[in-house]
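# Structural characterization, general
Given next are the chains, with one letter for each unit.
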Amino acid sequence: MNATPAKTTTPDDTAAAQDAAAKDTETKDAPGTSSGADDSATAPDDLSTQPEGDAADDGIADEDLEPDPFETARHGVGAGAAAVVSAALGVVALTGAWSGRVAAERETLIGQIKTSGGGSAAQQISEIYGDAWHTTALVNGVFAVLALLVGVVVLVRPAFGAPADRPQPAWVRAVALAGVALGVLGVLISAGMYFDLFASLPSAGTPAGG
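Definitions and limits used
- Residues numbered from 1 in each chain as written.
- Predicted model: local features only at pLDDT ≥ 70, side-chain atom pairs only at ≥ 80, totals over all residues.
- Heavy atoms only, no water.
- Helix = DSSP H or I, 4+ residues; strand = E, 2+ residues; numbered from the N terminus.
- Buried < 20%, exposed > 50% of the residue type's maximum accessible area, 1.4 Å probe, protein only.
- Areas by Shrake-Rupley, 256 points an atom, 1.4 Å probe, with all protein chains shown as cover.
- Salt bridge = Lys/Arg side-chain N within 4 Å of Asp/Glu carboxyl O.
- Contact = heavy atoms within 4.5 Å.
- Expected span 1.5 Å × (residues − 1).
- Bend = angle between axes of the 7 residues up to and from the residue.

### What to know about the overall build of the protein
From N to C terminus, the protein includes 6 helices and 0 strands. Counted from the first residue to the last, the protein has its helices and strands arranged as α-α-α-α-α-α. A buried classification covers 18% of the 210 residues belonging to the protein. Here the protein displays about 14600 Å² of accessible surface, and carbon together with sulfur accounts for 65% of that area.

### Some words on unusual backbone geometry
Here the phi dihedral of Asp196 falls at roughly 55 degrees; this positive angle occurs in a residue that is not glycine. Checked against the element boundaries, Asp196 lands in the segment after helix H6 (170-194). You can call Asp196 partly exposed: its relative accessible area is 23%.

### As for the pattern of salt bridges
Per the stated rule, a full pass over the model turns up 2 salt bridges. A salt bridge links Arg106 to Glu107, with the nearest nitrogen and oxygen atoms 3.9 Å apart. On the basis of relative accessible area, Arg106 is assigned to the exposed category, the value being 53%. Between Glu127 and Lys114 there is a salt bridge; the shortest N-O distance is 3.8 Å. In this pair, Glu127 is assigned in helix H5 (residues 121-156) and Lys114 in helix H4 (residues 98-114), connecting sequence segments 13 residues apart.

### Observations regarding the side chain of Asn140
Position of Asn140 among the secondary structure elements: in helix H5. Of the residues examined, Asn140 reaches a relative accessible area of 7% and is grouped as buried. If near-sequence neighbours (up to four positions away) are discounted, Asn140 is found in contact with Val92, Ala93, Gly96, Ala97 and Ser190.

### Section: H5
Taking 1.5 Å of rise per residue, 36 residues should cover 52 Å, and H5 covers 51 Å from first to last C-alpha, within 8% of that figure. Of all the bends in H5, the greatest measures close to 35 degrees and is centred on Gly130.

Written out as structure tokens, the structure is:
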């Protein structure tokens, strides 16, 4: 019986086989490693850019939804100040101003000077009392007209010029309306005083207090 001699493996053959197996393993793993590296390289970029876009969108949305407090505070300041001035002028027109008293005292002094050399009773009443009374009514009427004009300008201002991004505050319109009402009332009272509609001048035939 003949036995086939066993093939002997030399150390060189064993080393060559190990080198070939190592090369095959590197070749198989190379594409997977490169794609994984590409995915890992691109994934952080996507993740890093997405939050920035979201943050930008959130910033724009916040700016649109939340108005600037300083801009809100400045809105309507000029119109509000004008409305307050209108109401104050209306009050002055009804109560009288120091300028009206000074003008009335001046007219009284002028009347006394004119009638110091003599004059009829009717002339003295007209020069000393009537002119001072009419001057007071005229000064108060000027304040009333100013109150009326300023209040009307505040009310009609939004209808002219460039349209405002926010409506006029309600308190501004309310104060302007009050100024207009006081101005109209002041004009009526001043006109009645100037033309002696409420009380006529004393006549020469009756005592001054009658």
